[in-house]
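Residue-level listing of the chains:
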Amino acid sequence: MDGGPVIEARGLTKRYGDKKAVDDLTFTVRPGVVTGFLGPNGAGKSTTMRMILGLDAPTSGTVTVNGRPYVTAVAPMREVGALIDAKAIHGGRSAYNHLLALAQTNNLPRRRVGEVLELTGLTQVAKKRSGGFSLGMGQRLGIAAALLGDPQVLMFDEPVNGLDPDGIRWIREFMRTLAGEGRTVFVSSHLMSEMEHTADHLIVIGRGRLQADMSVKEFITRNSEQSVSVRSPEPGSLIRLLATAGARVETQRDGVLTVRGLEPARIGDLAFDAGIRVHELAPHQASLEEAFMELTRDQVEYRANSDHNELIGA
Amino acid sequence: MTTATHPLGGPPVPVPAPGGMTAPLGPVRATFGGALRSEWTKIRSVRATFWTLVVALAATVGVSVLVSIGTVSSKSGVQDLRDGDPTSSALTGFIVGMLAMVVFGAMAITAEYGTGMIRTSFTAQPRRSTVLAAKAVVLTAVALFVGLVSSFASFLIGAQIFAGKGVHVSLGDPHVLRAVIGGGLFMAVTALLSFGLGAALRHTAGSITAGVGLMFLLPVFQSFMPGAWRDAVVRWMPLNAGGNIITTKNTEHMFTAWTGFGVFVLYAVVALGVGFWLTDRRDA
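Position numbers for residues count from 1 along each chain, tracking the sequence in the order it is written. Chains and ligands are labelled by the order in which they are written, letters from A for the one and numbers from 1 for the other. Totals for whole chains, interfaces and linings use all residues, but because this is a predicted model, local features are given only for residues with pLDDT of at least 70 and pairs of side-chain atoms are given and counted only at 80 or more. Neither water nor hydrogens contribute to the side-chain values; these are computed over all heavy atoms in the structure.

When its secondary structure is counted, chain A shows 12 helices and 13 strands. Its C-alpha atoms give chain A principal-axis dimensions of about 75 × 45 × 45 Å. When accessible area is computed with a 1.4 Å probe and restricted to protein chains, residues below 20% of their type maximum are described as buried, those above 50% as exposed, and intermediate ones as partly exposed. Each of the 314 residues in chain A was classed as buried or not, and the buried ones make up 54%. What makes two residues a contact is simply this: any of their non-hydrogen atoms within 4.5 Å. Long-range contacts, defined here as pairs at least 24 residues apart, represent 68% of the contacts in chain A between residues at least 6 apart. To measure how exposed things are, a 1.4 Å probe is used in the Shrake-Rupley method; for residues, cover is taken only from the protein chains shown. For chain A, the computed accessible surface area is about 13,300 Å², with 48% contributed by carbon and sulfur atoms. Neither His nor the chain ends is counted toward charge; the positive residues are Lys and Arg and the negative residues Asp and Glu. Note on charges: their place is set at NZ of Lys, CZ of Arg, CG of Asp or CD of Glu. On chain A, the mean spot of the 36 positive side-chain charges and the mean spot of the 37 negative ones are 6 Å from each other. Put simply, DSSP H or I for four residues or longer makes a helix, DSSP E for two residues or longer makes a strand, and each gets a number counted from the N terminus.

Structure below.
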């Protein structure tokens, strides 16, 4: 891997009637890291993923995997493993036969089916009808299918939806290990809190448009301002002092001062020089969730009520 | 090596290196042969498919035998048999078997749309016509096999029943072998026609309705038509055109066996063409 882009979208647009589900998206996804694809529900994430796989045709623009359209791949399953919809299986077929039928299309060896079953912990239920699987097991089967061709690129659309905490942790660790092996991992979510723990890089979309394309760290730095919580028995003097030094200070209900525009060390030094006692001095970095809400505030597609948190799934 | 809890509970599941390879994968290709093997796995691994075919076979042979018994139970029936076409009389059950084949052909593709499996299939093999062609080949082979077994069983049992009343017919008689093999071909092409409709319409109920309408409802209209029209139009109806292949005697205003069957094949080709074309240009 030379670290060059693996998935490359240029001006990708999908229009349904006069509504643009995806609007002029240009981005690249690189190997060796987990790239989070974030946006509120209805932002166009799934449509974009389907266009990458050639399931949906773009209205305009292009998207390539390893430099060419996915549909022209010689052995598609060797290039991309995708979990788009874990329920997209025939429930009457056993897990083993489902995987076997997929492996055969790319002439993958039969032993590979046993390997991915082992890998996802499904060996014991391999002969059971997949229709009876729990959501978590269905998700595992989808991941097993994605891994069949030992692909360099893995795409997961909302992989943790509806999973219990154990299942979520399992998938999270799994994606990190895959990226650690140098693979390209592209995972969508509407949950910022999920990406905070999984992704290294973020591509954020809202209403089909690109909102941000940067590392998680950079995303937080850019989208939020650092503040410092300060507790002091002499708040009046401290506020005056900090205001003179150019800070903006707010007093919270519990008496804690929220200081913006000054570094924590500077605040401590100023207080010390002025002889003002400080009992607590804590830098506060905004969470990714807050940054995300800030960014997509005007982009939430279905504003059912005024409560953003409900929509973004916080 | 890390471990993780299995969502089902129980002991932790070891998580080996994600590739999980016991040996590296060599260079592989997605080929038509691979698609064929895959479709064969799909068709043999769903119980509903198996039962549809069992029903097709049982209904065809069952109805054929019952009608044969009924025919020879009256003197006029035996006389009709003597004057008419005992081979096609022995294959009367095909009208029912066809119905099962319409279901079988449509379901081969609409079940994938219904469950969403089609997106998984088209991700593994994004060249959609390869997937459809492989399905069509496997489906035709299976339908042909079931059709031939139904046809030979119906004929051989029927011939035994007729022989009991002194009406003798055998595979060695003129056109008889062609008609009996024709029964298998008729079923295979019926499944293929329905498959084409299924690929075009994507919904199980809609496709079966269209298939049944085209095959069985269209002929109902012939009774409302003026005589001159009827003579010109009726032979072109799919069931009438295709049905000539299972007869040994020409009927008035109808095509000959192979010409009629050719017309029927043409219907299937058109349905398949539309199905392939739409599948290729639509979003999955």
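Still more to cover.
Residues grouped as a nonpolar core are buried Ala, Val, Leu, Ile, Met, Phe, Trp, Tyr and Cys residues, joined through side-chain atoms within 4.5 Å. Ranked by size, the top nonpolar core spans 84 residues in total, and within it Ile7, Met155 and Phe186 of chain A together with Met101 and Phe104 of chain B carry the most contacts. Aside from chain neighbours lying at most four places away, what touches isoleucine 7 of chain A is Phe27, Thr28, Val29, Ile52, Val63, Thr64, Val153, Met155 and Phe186 of chain A. Of all hydrophobic cores here, the second largest spans 59 residues; its members include Leu102, Leu163 and Ala291 of chain A together with Met117 of chain B.

All names here are of chain A. Salt bridges are counted wherever a side-chain nitrogen of Lys or Arg sits within 4 Å of a carboxyl oxygen of Asp or Glu. Within this structure, the stated rule accounts for 22 salt bridges over all chains. Where arginine 10 meets glutamate 8, a salt bridge forms, and the shortest distance between an N and an O atom there is 3.0 Å. A relative accessible area of 23% places glutamate 8 in the partly exposed class.

The subject of this paragraph is the domain arrangement of chain A. A common way to report how large an interface is uses the accessible area buried once the components associate. Where each domain starts and ends comes from a domain assignment, either automatic or drawn from a database. As far as domains go, chain A holds domain 1 (7–215) and domain 2 (225–284). Measuring from the centre of the C-alpha atoms in domain 1 of chain A to the corresponding centre in domain 2 of chain A gives 47 Å.

Next up on the list: the packing of helix α3 (residues 95–105) of chain A against helix α4 (residues 111–119) of chain A. To describe two helices that pack against each other, one gives the angle between their axes and the distance between the axes. Residues and elements named next belong to chain A. Look at α3 against α4: their axes get within 9 Å of each other, and the N-to-C directions meet at 130 degrees. Considering their axes alone, α3 and α4 lie oblique with respect to each other. Note that α3 runs across α4; the crossing there is right-handed. For the pair formed by α3 and α4, the contact residues are Ala95, Tyr96, Leu99, Leu100 and Ala103 on the first element and Val113, Val116 and Leu117 on the second. Orientation is described by lines fitted to C-alpha atoms, with helices fitted over the stretch in contact, and by angles between N-to-C directions that extend from 0 to 180 degrees. Working rule for angles: under 35 degrees goes down as roughly parallel, over 145 as roughly antiparallel, 65 to 115 as roughly perpendicular, anything else as oblique. Crossing handedness: left-handed means the near helix sits turned counterclockwise from the far one by under a right angle, and right-handed means the same turn made clockwise.

Here the phi dihedral of asparagine 66 of chain A falls at roughly 50 degrees; this positive angle occurs in a residue that is not glycine. Among the secondary structure elements, asparagine 66 of chain A is positioned in the loop between β4 (60–65) and α2 (76–79). Positive phi is not limited to glycine here, since histidine 175 of chain B has a value of about 65 degrees. Locating histidine 175 of chain B in the fold gives a position in the loop between α7 (128–163) and α8 (176–201).

Turning to the interface of chain A and chain B, a few remarks are in order. Taken together, the contact between chain A and chain B spans 58 residues of the former and 49 residues of the latter. For the pair chain A and chain B, the interface holds 2 salt bridges. Elements with a minimum of two residues in the side of chain A that touches chain B: α2, α3, α4, α5 (135–147) and α6 (165–180) of chain A. As a working rule, the residues Ala, Val, Leu, Ile, Met, Phe, Trp, Tyr, Cys and Pro are called nonpolar, Asp, Glu, Lys and Arg charged, and the rest polar, with Gly in that last group. Within the side of chain A that touches chain B, the residues separate by chemical class into 26 nonpolar, 13 polar and 19 charged.

Residue and element names in this part refer to chain A. In spatial order, the strands read β11-β12-β10-β13; together these 4 strands make up an open sheet with antiparallel pairing. In this open sheet, the two strands that pair with only one neighbour each are β11 (248–251) and β13 (280–284). Across the sheet, the mean angle separating the axes of adjacent strands is 25 degrees when strand polarity is ignored. Strands were regarded as paired on the criterion that DSSP finds at least two bridges between them. Alignment of β11 against strand β12 (residues 257–260), held across 4 bridges, turns out to be antiparallel. Note that in β12 the partner of arginine 248 across the bridge is arginine 260. Sheet contacts for helix α9 (residues 235–244): β10 (227–231), β11 and β12; angle to β12, the most-contacted strand, approximately 10 degrees. Packed onto the sheet, helix α10 (residues 264–274) meets β10, β12 and β13 and runs at close to 160 degrees relative to β13.

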